[in-house]
Amino acid sequence: MIFESDLRPIGKLLKPHGICGEITALLMDDIDLRQLSCIILQLDGIFVPFFLRVVRPKSSETDLVLIDGVNDEAQAARLCPNEFFALADELPETGDSDGVYT
């Protein structure tokens, strides 16, 4: 089971891109989604992992993602708009109060 305390918000799925199931994802930080095992969405009050098949840059702040099992625009639209999370232990360490990274 995934608990909210294990997660960090990292972005938002904005809208479908094209007809093949790709989704435009806005990233809050400089995070490489390809380095994560999955992204997590909260659906019906439950945190659900989704595995990324393809991640490609769209702009400096957005990526296009293709989620495993999402194969068309209608399926992609059901996931948007929605904040997404990463497992905190998969993210790089953040700086301390002095701005020094550990």
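We now turn to the structure provided with this report.

What counts, and where the lines are drawn
- Residues numbered from 1 in each chain as written.
- Predicted model: local features only at pLDDT ≥ 70, side-chain atom pairs only at ≥ 80, totals over all residues.
- Heavy atoms only, no water.
- Helix = DSSP H or I, 4+ residues; strand = E, 2+ residues; numbered from the N terminus.
- Rg over C-alpha atoms; globule rule 2.2 N^0.38 Å.
- Buried < 20%, exposed > 50% of the residue type's maximum accessible area, 1.4 Å probe, protein only.
- Contact = heavy atoms within 4.5 Å.
- Areas by Shrake-Rupley, 256 points an atom, 1.4 Å probe, with all protein chains shown as cover.
- Lys, Arg positive; Asp, Glu negative; His and termini not counted.
- Charge placed at Lys NZ, Arg CZ, Asp CG, Glu CD.
- Pairing = 2+ DSSP bridges.
- Axes fitted to C-alpha atoms, helices over the stretch in contact; angles between N-to-C directions.
- Core = buried A, V, L, I, M, F, W, Y, C linked by side-chain atoms within 4.5 Å.
- Salt bridge = Lys/Arg side-chain N within 4 Å of Asp/Glu carboxyl O.
- Polar contact = N/O pair within 3.5 Å; in protein donor to acceptor, adjacent residues only side chain to side chain.

Attention shifts here to the overall build of the chain. When helices and strands are counted, the chain shows 1 helix and 7 strands. In the chain, the order of α-helices and β-strands from amino to carboxyl end is β-β-β-β-β-β-α-β. For the chain, the C-alpha radius of gyration of 14 Å lies close to 13 Å, the compact-globule estimate for 102 residues. Oriented by its inertia axes, the alpha-carbon framework of the chain measures out at about 45 × 30 × 20 Å. Among the 102 residues that make up the chain, the fraction classed as buried is 34%. For the chain, contacts bridging at least 24 residues in sequence account for 61% of all contacts bridging at least 6. Per element, the accessible surface of the chain, about 6500 Å² overall, is 51% carbon and sulfur. Charged side chains of the chain number 8 positive and 18 negative; the gap between the two group centres comes to 11 Å.

The subject of this paragraph is the sheet that holds strand 5 (residues 52-57). An order of 4-3-7-1-2-6-5 is seen for the 7 strands of this open sheet, with the pairing classed as antiparallel. Sheet topology places strand 4 (46-50) and strand 5 at the edges, where each strand pairs with a single neighbour. Averaged over all pairs of adjacent strands, the angle between their axes in this sheet comes to 40°, without regard to strand direction. Inspection of the sheet shows strand 3 (residues 39-43) paired to strand 7 (residues 82-87) by 2 bridges, in the antiparallel sense. For I40, the partnering residue across the bridge sits in strand 7 and is F85.

Core analysis: the largest hydrophobic core is formed by 21 residues, its most contacted members being L13, L33 and F84. Of the residues forming this core, the biggest block, 3 residues, is contributed by strand 2 (residues 22-27). If we ignore the near neighbours within four places in the chain, the residues touching L13 are I23, T24, A25, L41, V65, I67, L79, C80, P81, N82 and F84. Grouped together as the second largest cluster of nonpolar side chains are 5 residues, L7, C38, I40 and F47 included.

Inspection of every chain in the model, using the stated rule, returns 3 salt bridges. For E22, the salt bridge goes to R56, with nearest N and O atoms at 2.9 Å. Taken together, the residues E22 in strand 2 and R56 in strand 5 connect sequence positions 34 residues apart. When the shortest N-O distance is used, the salt bridge between D68 and R53 registers 4.0 Å. Of this pair, D68 sits in the loop between strand 6 (62-67) and helix 1 (73-77) while R53 sits in strand 5, and the two are 15 residues apart along the sequence. You can call D68 partly exposed: its relative accessible area is 49%.

The next subject is the environment of D72. As for its position among the elements, D72 is in the loop between strand 6 and helix 1. Residues D72 and H17, 55 residues apart in the sequence, show an inter-C-alpha distance of 9.8 Å. Only 2.8 Å separates the side chain of D72 from the backbone nitrogen of Q75, close enough to count as a polar contact.

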